[in-house]
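Architecture and fold: a report
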2 protein chains.
Amino acid sequence: MIGHATAPSRGEVTRESILAAAMEVFARDGFRAASTRAIARAANANQALIGYHFGNKQRLYLTVFEHIADRVETLLGPTLARIESELAPPVDGDPANARLLLDLVSGFAAMLLSDETSTWARLILNEQQRPSEAFDVLYQRVIGRVARLLTQLVARLRGRTDVTEEDRLIAITIIGQVLVFRVAHAAVLRQFGWNDIGPRQVGAIIERLQANIAAILAIDIEQLAS
Amino acid sequence: MIGHATAPSRGEVTRESILAAAMEVFARDGFRAASTRAIARAANANQALIGYHFGNKQRLYLTVFEHIADRVETLLGPTLARIESELAPPVDGDPANARLLLDLVSGFAAMLLSDETSTWARLILNEQQRPSEAFDVLYQRVIGRVARLLTQLVARLRGRTDVTEEDRLIAITIIGQVLVFRVAHAAVLRQFGWNDIGPRQVGAIIERLQANIAAILAIDIEQLAS
DNA sequence: GTCTATAGTCGGATAGAC
DNA sequence: GTCTATCCGACTATAGAC
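Before going into details, it helps to say that this report is about the structure given with it. Starting from 1, residues in each chain are numbered consecutively following that chain's sequence as written. Whichever chain is written first becomes A and whichever ligand is written first becomes 1, with later ones labelled in order. The predicted origin of the model limits local features to residues at a pLDDT of at least 70 and limits the giving and counting of side-chain atom pairs to 80 or more, whereas totals for whole chains, interfaces and linings rest on all residues. Derived side-chain values reflect all non-hydrogen atoms in the structure, with water molecules and hydrogen atoms excluded from consideration.

This part is about the protein's contact with DNA strand C. What makes a residue near a molecule or strand is one non-hydrogen atom of that residue sitting within 4 Å of it. Close contacts around DNA strand C come from 17 residues, with T36, R37 and K57 of chain A together with T14 and N46 of chain B the closest. Near the protein, within 4 Å, the atoms of DNA strand C are sugar or phosphate in 64% of cases. Counted as a polar contact is a pair of N or O atoms within 3.5 Å, where, for protein atoms, one must be capable of donating a hydrogen and the other of accepting one, and residues adjacent in sequence contribute only when both atoms are in side chains. Separating a phosphate oxygen of DNA strand C from a backbone N or O atom of A34 of chain A is a distance of 3.3 Å. Each residue gets one of three labels, nonpolar for Ala, Val, Leu, Ile, Met, Phe, Trp, Tyr, Cys and Pro, charged for Asp, Glu, Lys and Arg, and polar for the others, Gly among them. Within the surface near DNA strand C, the residues separate by chemical class into 5 nonpolar, 8 polar and 4 charged.

Okay, here's the thing in structure tokens:
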């Protein structure tokens, strides 16, 4: 149900508003603490309609994560596909692979730091701590794919196609440098005296990420300016 | 109630076992989803005794965090105090400050990744997403102090005493490289094929962190071997 | 201090009218 | 598709016996 040729029916409107409300309430309260009554109230819908449209609370929760995976694939899919197809042979500090890596990290950071993803971030963080069926959906469709691609790029930039534990460690620490701005969001704002993470902040963060990555992987960043 | 000259009374034993069980169950399930019945069962105690010893569930939760803050200060306090007192003047890549920085990060990582603190880490991460009264205490007593110290060390290693936004960005990205192993726990285990983050893994992580930090701050790591 | 028992509340699910 | 009403289990807190 991606696009509609005709106007959405009444039932579809209800379904979508319950789904949107569920995303907010699950993110705010966690699965267990979120009540179907609170979700229905936030959606301006009747509590019994959750059962009608989604079966039960658990399936509503899963549907929220499928929805997120759809959206992330829309946002990041083209970039991932392009990078996957342009992977260059393993050569130390190869500018082609270096550029792909910096593109990937920049795209990931821009997505992760956007307003739209702040709700998702809390949902995903909850799942990381206590993985359920929902985490499998997300890992297989998004997280694993990004991690695999990033790790491969790191390995090739270090001169090999086979991936070592060291490559994985480098890839994870790179992801950490992005994630921390979401995970420690409030602390970051306090620390920097920022009101929010807006375009200027995202720019400064991405610039710093690129400098860090270049240093860690001994990439000549001057050479990349084309 | 840190030490006892005499054997603990029966009531104290009950109190402590409820507290220990509460820490586990709150970490596993979160505040709301953790039931006093489950806590009592895990503590081999009667559910009504929670009311007797702690008043109510909320106060039991707060007591858990006070206990953690005490313990973290015991573990990390001496290291922090030593580093604070040994801060060297600002000189680019000064080996003295470099060693302090690597000590700080290693100590922080070792604590954050140890078995003992895995339960605490989950409690704190839960709080970070939906901060309550419990988080402020922890932030002011531990997290803020570590962040401030780390930022000062970064600034001095880059040749100044005043802290710039760039210094803060570097400090945050360093913290992110440690945090990610707890925050993205489920994804990390899958990506590496690890069953848990044990001593071997912690050693490899810390080694990689030090290499990354040395690269980012242009520290000559050979020069540090004393 | 510890126990049993229960009052009072809330939440998920669903039957059945419209 | 949407609504009201309700069943029933689970929860916190507490009264009161020992």
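Note on the chain copies: they are related by a rotation about an axis and a translation along it. Superposition record for chain B on chain A: RMSD 0.9 Å, screw rotation 178°, translation along axis 0.3 Å. Taken together, the rotation and translation describe the operation of a two-fold axis. Interface overlap between copies: 94% of the residues of chain B at the interface are likewise at the interface in chain A, consistent with a symmetric, same-surface contact. Least squares is used to superpose the copies, and the fit set is the C-alpha atoms of residues whose pLDDT is at least 70 in both copies. Whether two residues are in contact is decided by their heavy atoms: any pair within 4.5 Å suffices.

Let us look at the protein's contact with DNA strand D. Near DNA strand D there are 18 residues, and of these T14, N46 and H53 of chain A together with T36 and R37 of chain B occur at the shortest range. Counted by atom, the contact set of DNA strand D within 4 Å of the protein is 64% sugar and phosphate. At a separation of 2.6 Å, a phosphate oxygen of DNA strand D approaches a polar side-chain atom of T14 of chain A. Note that a base nitrogen of DNA strand D is positioned 3.2 Å from one of the side-chain N or O atoms of Q47 of chain B. Where the surface near DNA strand D is concerned, the elements lending two or more residues are α1 (10-29) and α3 (48-54) of chain A together with α2 (36-42) of chain B. Where helices and strands are cited, they refer to DSSP runs of H or I of at least four residues and of E of at least two residues respectively, numbered from the N terminus. Looking at the surface near DNA strand D, the element that brings in the most residues is α3 of chain A, giving 4 residues. The class makeup of the residues in the surface near DNA strand D is 5 nonpolar, 8 polar and 5 charged.

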